[in-house]
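Residue-level listing of the chains:
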Amino acid sequence: MARPVAVDTVSAAVLPLAAVRPHPLRRFARRYPLGAAGTFLIVAMLLLGIFANRVAPYDPVAADFGAMFIRPGPGHWFGTDAFGRDVLSRLLFGARTALVIGFASSIIGATIGAVVGVISAYFGGTTDLVLQRLVDILISFPIIILAMAIVAILGTGTINLIVAIALSFIPRAERVVRASALAIRATVYVEAARAIGAGHWRIIFRHMAPNVGAPYLVMLTAFLGQAILLEASLSFLGLGVSEPTPAWGLMLSGAAVNFARQAPWMAIFPGLAISIAVLAFNVLGDALRDALDPRLRT
Amino acid sequence: MRRNAAWGGAPWRAVALLGLLLALAVGPAGPVGAQQPRSGGTLNYIVEAEPPSFDAHRETTFAMLHPIRPHYNLLVKFDLQNYPKVVGDLAASWTISKDGLTYTFKVRQGVKFHDGSTLTSADVKASYDKIIFPPEGVISARQTTYHMVKTVTAPDPQTVVFQLKFASPGFLENLASPFNWIYKAEILARDPRFYERNIMGTGPFRFGEYVRGSHWAGRRNPDYFVQGRPYLDGYRALFIGSPAAQVAAIRSGQAHMTFRGVAPAQRDELTTSLGDRIVIQEGPWLCNNIVIFNIKKKPFDDIRVRKAVTLGIDRWGGSKALSLIAFLGPVGGIMRPASPFAMKTDELAKLAGYNRNIRAAREEARKLLREAGIPEGFSFTLQNRNVQMPYEPVGVFLVDQWRQIGLNVRHVQSETGPYLANFRAGNFEAGVDFSCDFVDDPDVQLAKFLSADLSAVNYGGYTDRQLDLWYFQQARTSDKAKRAQIVHQFEKRVLSDQIYAIYVLWWARIVPHWRQVRGYKISIAHHLDPDLQDIWLSE
Amino acid sequence: MSRYVVTRFLLMIPTLLAVAVLIFLLVRVVPGDIVELRLVSGGTYVTKDVIQAERARLGLNKPIWNQFVDWMVGLVRLDFGVSMWSGDKITHEIAIRLQLSLELAILATIIATVLAIPLGTLAAVRRGTWIDQAVQLFSVAGLAVPSFWLGILMILFFLTYFDWLPPLTFTPLWQNPAANLAQLIWPALAVGYRYSAVAARMTRSAMLEVLREDYIRTAWSKGLNRPVILWRHALRNALLPVTTVIGLEFAFLIGGLVVTEQVFNLNGIGKLIVDAISHRDYTLIQGLMLLVAAGYILANFIVDIVYAWLDPRISYG
């Protein structure tokens with residue numbers, strides 16, 4: 001039995017991974033209804049986010065001091081906030097912020113992590129030893145604390161938030177990919193490639209990289225959900241993006257909590273949006289993992 | 001001397017009459033009912049942050065005053081029922097020489113420290129020496145406030161004399177600073193840093209316990225020098241940072257009140273849920289939010305741009321809207337509106353940006369921006385502090401206002417650390433700054449705007465010797481009308497002629513407390529609270 | 001075996017040292033100055049001299065390497081120094097909050113375990129049925145709902161319907177268990193739900209793995225009854241990875257507490273971390289970060305040792 005390296009949700013989600021083969025898409029939906037539902041939600045979110053400026057009934061940033069704290073109802077489906085801004089419009093534009101931060105940080109974090117992981121696994125020896133010690137150090141801090149520290153250094157704002165979240169993902173991605181890459185490195189065809197005199201980089205990119213694709217993908221999905229949660233937590237602590245940028249975590253911090261009694265919709269809807277988005281990414285990640293992991297196939 | 005002295009042994013009728021008058025003065029929800037003060041009980045109140053050290057002479061935060069002040073006395077203090085009247089605390093009486101250079105205080109007799117020793121003028125002298133002439137290695141945050149003091153002497157055990165270098169009209173009010181706690185001379189001589197970690201005062205309450213991060217407790221001082229005081233058996237200051245948790249604490253009855261104040265949303269939540277069990281006191285607050293510019297960088301090195309930016313703000317409209325969602329309110333200049341040296345409203349209206357005709361002002365703003373070569377949609381960054389109330393509403397409001405004159409503002413809310421560091425390093429374009437003090441005196445209120453080499457909190461980086469000159473002139477002008485004139489010149493130069501800073505709005509203080517808390521009246525500064533000597537619980 | 005333990009133990013030292021160096025450097029590049037925060041953030045007027053004097057007193061004007069050496073020399077003697085903000089010993093600052101956070105963590109662990117193991121097992125046994133889907137949804141939702149939002153909703157609910165709030169000050173368990181639990185059970189639930197989600201997923205996949213093992217198949221074929229197979233054979237073997245995840249999550253629970261303690265205004269380590277960072281209390285941040293990292297490294301060490309002990313296939317090289 002393998003000793004779990006899982007230390008957090010992300011790794012736990014991708015834990016039982018081994019070498020994998022792709023699986024036809026159309027069987028996916030039938031086999032993994034939750035995963036399909038997740039995919040549907042994600043696509044919906046993407047579309048709503050991309051077309052937010054067409055879908056949203058109001059300007060998400062413009063304050064309207066004549067329309068503060070309007071209850072949900074026709075006109076303002078999700079009510080208005082303390083500045084008279086339409087909550088629904090802010091949620092829609094907030095999807096954009098969440099997705100931009102989520103995708104950017106996850107892709108950067110997972111990719112850098114994967115590259116380092118493959119390199120570490122392929123070269124082994126001193127390279128591996130040094131890289132693993134570095135990862136050891138970074139991984140001994142909980143993600144949120146590492147991200148907090150990085151935001152403290154870089155400052156708040158969208159770009160810095162992306163960097164902070166991506167950096168916190170790197171060591172975790174590295175661990176997961178390195179494990180898969182180690183398994184592939186030992187396989188016959190990598191040895192064969194080496195035997196016919198293929199160069200290091202050729203082997204890495206032609207043979208190893210495609211084969212860590214599956215764990216990479218599963219990890220990426222898990223990171224996406226995690227990134228949205230992290231953004232929300234950091235915003236809640238006042239370390240996220242700044243007002244008046246529409247962002248879910250920000251909508252949930254400060255004002256929403258202060259006005260929670262008077263205008264509960266200000267706290268409820270963004271919280272729901274975060275939960276649903278993260279849920280969608282998580283169920284998709286689970287379905288992908290199940291689908292891509294042959295050992296779990298019934 | 002003190003108005004409250006009538007409360008101690010006065011006949012019931014007199015008390016009732018006084019109570020009635022006070023109740024009328026503060027309205028039907030007044031804090032003082034027609035009831036005999038009752039002894040006993042523990043007051044639980046919220047403190048929004050934690051004291052860094054216990055030594056008031058070196059700290060500047062209210063978070064140190066609120067839990068610890070009840071252990072100490074001042075020489076003189078503000079009469080909170082009649083601010084800005086100054087009354088004696090440890091001083092029984094005082095005289096000021098004709099030339100205004102000599103202040104002679106008589107210290108009360110029979111005042112005892114919590115260790116049983118008797119207070120003498122030597123203790124007062126030692127405390128003020130530490131504040132004004134701190135020994136090597138000892139920090140005094142208000143050393144320069146008393147730059148007019150030549151010597152402090154104690155010619156006999158009952159007398160303290162302050163000898164000034166020049167007559168200073170604001171001196172007595174500055175002495176009433178709530179930070180000037182009187183310590184014990186003998187201890188200070190032994191270890192001038194003793195008070196950073198220990199408590200030994202003469203105040204109405206003795207030290208109970210301090211659980212860091214949780215609460216600070218004090219218990220009644222049975223040997224307190226005012227007969228029959230304090231009324232309370234003890235108090236407990238609960239450290240609660242989050243505004244939501246603060247309201248929850250009051251709502252659930254775990255705390256009676258918070259002295260610093262709450263936002264309108266919290267007030268409304270408390271009144272709807274607690275009804276007549278809660279009393280709300282509202283009043284002016286000696287704190288404000290201002291906008292500062294980096295005068296050395298483009299585009300704010302251009303006075304036309306700064307002027308356009310101030311013209312673009314609808315202060316009067318903003319005051320109305322923001323007062324509903326934030327503890328913001330009055331429109332004013334550098335001196336707090338309605339304070340002794342404040343400009344009259346019609347005078348204020350002549351300053352740039354204070355005109356009620358916002359359409360015309362915005363038109364002019366756009367014209368100025370065009371003249372200065374600022375294109376439509378020009379963007380700049382506004383640095384703000386990531387403290388929700390009231391910085392965030394102020395920031396969102398400004399962004400929205402400036403959008404209406406064609407400016408695209410990036411609002412950056414940073415932690416207080418980098419926020420101050422960026423200001424200090426001149427690493428900003430424009431920023432939401434603040435000031436918050438406990439005395440209306442222009443010596444304190446204007447100091448921020450002195451040239452950069454004189455003021456540690458002038459982040460704009462300008463040098464303006466005219467302002468410096470006026471500052472030092474007003475500080476020595478005893479005639480009130482003349483002094484006001486200089487102060488107004490100063491204000492006009494900062495706000496309207498040079499536009500080094502924009503006053504957005506002054507804060508408005510809202511203090512909620514449970515009905516049974518009596519004997520408290522809201523003051524203009526949370527720093528002046530809490531004087532627990534006179535507060536009592538009716539149930 | 002003992003050689004493995006010793007080597008593995010000694011390996012922790014360079015990691016910890018590197019962590020310490022990293023923390024020290026990180027803290028120094030964080031913009032913001034504790035002195036300014038202390039003296040200027042209230043808005044009252046101060047002069048430059050005062051700020052300079054205070055910096056000198058805290059030793060902040062010494063060269064960086066000098067400050068580092070001071071810290072290291074202290075660490076070697078197990079002296080973590082004093083907090084720059086409060087002037088109290090860092091060990092004391094941590095000690096007064098550790099009890100609350102530790103208890104909260106233990107409560108959350110209990111909640112997580114009690115929820116996760118039956119649910120995860122059930123899902124594995126009923127794999128593919130609606131029960132499995134429901135359990136998966138429950139646990140995947142646990143990972144999706146921000147625990148601080150859950151906390152906010154709880155507080156809102158209590159206040160709206162019961163006009164009640166968990167006590168704000170900490171009472172040790174042995175003084176008054178009721179008051180203690182009244183305060184801590186809610187944040188424990190908020191954190192524990194998420195935690196249980198992680199554990200339930202692990203239980204499910206570990207059970208699935210075990211259920212496919214040969215000895216379980218043999219047991220089925222021998223006609224042993226269901227509960228015996230599940231509880232005595234399968235679960236027992238699946239528990240190892242589950243306890244590992246629970247153990248490692250425990251070491252990392254501090255991450256979840258950072259936000260939750262804010263919501264419930266708990267005076268714990270998580271809140272201390274947030275405060276220390278926002279105060280730029282260098283010495284305290286260093287001490288706390290080192291504690292957090294050391295806790296995790298130690299947990300990992302223990303897990304490694306336990307695995308080595310249980311699994312003869314691991315060589316003790």
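Everything numeric here is computed off the predicted structure, so don't read it as measured data.

*Asks:* Looking at this structure, how should I read the sheet that holds strand β5 (residues 102-107) of chain B?
*Replies:* Strand pairing in a sheet takes place through backbone hydrogen bonds and is either antiparallel or parallel in direction. All names here are of chain B. If you trace the four strands from one edge of the open sheet to the other, you get β4-β5-β7-β6, paired in antiparallel fashion. Every interior strand has two partners, whereas the edge strands, β4 (91-96) and β6 (149-156), have only one. Between one strand and the next, the sheet's axes are offset by a mean angle of 20°, whatever the strand orientation. Across the sheet, helix α4 (residues 121-132) touches β5, β6 and β7 (159-164), and the angle it forms with β6 is around 165°.

*Asks:* Quick question: what am I supposed to make of the domain arrangement of chain C here?
*Replies:* All names here are of chain C. One can read the domain layout of chain C as domain 1 (32-79) and domain 2 (90-316). Here domain 1 and domain 2 have C-alpha centroids that lie 38 Å from each other. Counting from both sides, the interface comprises seven residues of domain 1 and, opposite them, seven residues of domain 2. A buried area of about 600 Å², summed over both sides, lies between domain 1 and domain 2, and 69% of it is on carbon and sulfur atoms. Joining domain 1 to domain 2, the criterion identifies zero salt bridges. Inspection of the domain 1/domain 2 interface yields one residue pair in polar contact (both at pLDDT 80 or more).

*Asks:* Explain the interface of chain B and chain C to me, please; I cannot follow it from the model alone.
*Replies:* Think of interface size as the accessible area that goes away when the parts come together; that is how it is often given. Contacts between the two partners involve 53 residues from chain B and, on the opposite side, 44 residues from chain C. Summing both sides of the interface, chain B and chain C together bury roughly 4,000 Å²; the carbon and sulfur share of this comes to 52%. For the interface between chain B and chain C, the tally reads six salt bridges. The salt bridge involving B:Arg424 is made with C:Glu36; its shortest N-O contact spans 2.5 Å. Where chain B packs against chain C, one counts 10 residue pairs in polar contact (both at pLDDT 80 or more). Here the element with the most residues in the side of chain B that touches chain C is helix α14 (residues 416-425) of chain B; it accounts for six residues. Partitioning the side of chain B that touches chain C into residue classes produces 21 nonpolar, 17 polar and 15 charged.

*Asks:* Please clarify how a nonpolar patch on the surface should be interpreted in this entry.
*Replies:* Residue and element names in this part refer to chain C. Together, Leu-98, Leu-102, Ile-106, Ile-110, Val-114, Phe-250 and Leu-291 give the surface a local cluster of nonpolar side chains, amounting to about 580 Å² of exposed area. Of the residues forming the nonpolar patch, the biggest block, five residues, is contributed by helix α5 (residues 90-125). Considering the arrangement of structural elements, one finds Leu-291 in helix α12 (residues 282-310).

*Asks:* Please clarify how the interface of chain C and chain A should be interpreted in this entry.
*Replies:* Across the boundary between the two partners, chain C contributes 61 residues, which contact 53 residues of chain A. Taking both partners together, chain C and chain A bury about 5,000 Å²; carbon and sulfur atoms supply 72% of that area. By the criterion of area lost to chain A, the three top residues of chain C are C:Phe148, C:Trp149 and C:Phe252, representing 12% of everything that side buries. Applying the counting criterion to the chain C and chain A interface returns one salt bridge.

*Asks:* Would you mind going over helix α7 (residues 143-154) of chain A with me for this structure?
*Replies:* Since there are 3.6 residues in each turn of an α-helix, residues three or four apart along the chain are aligned in direction. Residues and elements named next belong to chain A. Taking 1.5 Å of rise per residue, 12 residues should cover 16 Å, and α7 covers 16 Å from first to last C-alpha, within 8% of that figure. The buried fraction of α7 is high, at 10 of 12 residues. When we look at burial in α7, the residues that qualify are Ile-143, Ile-144, Ile-145, Leu-146, Ala-147, Met-148, Ala-149, Ile-150, Val-151 and Ala-152. Once α7 finishes, Gly-155 follows within two positions and takes phi at roughly 100°, a positive value.

*Asks:* Sorry if this is basic, but what is going on with unusual backbone geometry here?
*Replies:* It is generally the case that most residues other than glycine have a negative phi and that most peptide bonds are trans. In this chain, A:Glu243 is followed by A:Pro244 through a cis amide linkage whose omega measures 0°. For A:Pro244, the location among the structural elements is in the loop between α11 (213-236) and α12 (248-252). Residue B:Pro390 follows B:Met389 across a cis peptide bond; omega there is -5°. Mapping B:Pro390 onto the fold places it in the loop between β13 (378-385) and α13 (391-403). Here the phi dihedral of B:Ala338 falls at roughly 70°; this positive angle occurs in a residue that is not glycine. Turning to its location among the elements, B:Ala338 is positioned in the loop between α10 (315-325) and α11 (345-348). Of the residues examined, B:Ala338 reaches a relative accessible area of 79% and is grouped as exposed.

So, how was this worked out
- Numbering of residues begins from 1 in every chain and follows the order in which that chain's sequence is written.
- Each chain is given a letter, starting from A, and each ligand a number, starting from 1, according to the order in which they appear as written.
- Local features in this predicted model are restricted to residues whose pLDDT is 70 or higher, and side-chain atom pairs enter the listing and the counts only when it is 80 or higher, whereas totals over whole chains, interfaces and linings include all residues.
- Side-chain measures here rest on the full set of heavy atoms in the structure, leaving out hydrogens and waters.
- Following DSSP output, two strands are said to pair if at least two bridges run between them.
- We count a stretch as a helix when DSSP gives it H or I for four or more residues in a row; a strand needs E for two or more, and each element gets its number in order from the N terminus.
- Here the axes come from fitting lines to C-alpha atoms, over the contacting stretch only for helices, and the angles between their N-to-C directions go from 0 to 180 degrees.
- Any two residues having at least one pair of non-hydrogen atoms within 4.5 Å are treated as being in contact.
- Source of the domain bounds: an automatic or database domain assignment.
- Note on terms: buried area is the combined drop in 1.4 Å-probe accessible area of two parts once they are placed together, counting the loss on both.
- For this document, the term salt bridge refers to a Lys or Arg side-chain nitrogen within 4 Å of an Asp or Glu carboxyl oxygen.
- Pairing of N or O atoms within 3.5 Å defines a polar contact, subject to two protein rules: one partner must be a possible hydrogen donor and the other a possible acceptor, and residues neighboring in sequence count only if both atoms are side-chain atoms.
- Gly is placed with the polar residues, together with every amino acid not listed as nonpolar (Ala, Val, Leu, Ile, Met, Phe, Trp, Tyr, Cys and Pro) or charged (Asp, Glu, Lys and Arg).
- Residues qualify for a patch when their relative accessible area is over 30% and they have no salt bridge, like charges being joined within 9 Å and the nonpolar side chains of Val, Leu, Ile, Met, Phe, Trp and Tyr within 5 Å.
- Methods summary: accessible areas were calculated by the Shrake-Rupley approach with a probe of 1.4 Å, and residue burial reflects only the protein chains presented.
- Here a helix's expected span is defined as the number of its residues, less one, multiplied by 1.5 Å.
- For each residue, the accessible area found with a 1.4 Å probe, counting protein chains only, is set against the maximum for its type, and the residue is called buried under 20%, exposed over 50%, and partly exposed in between.

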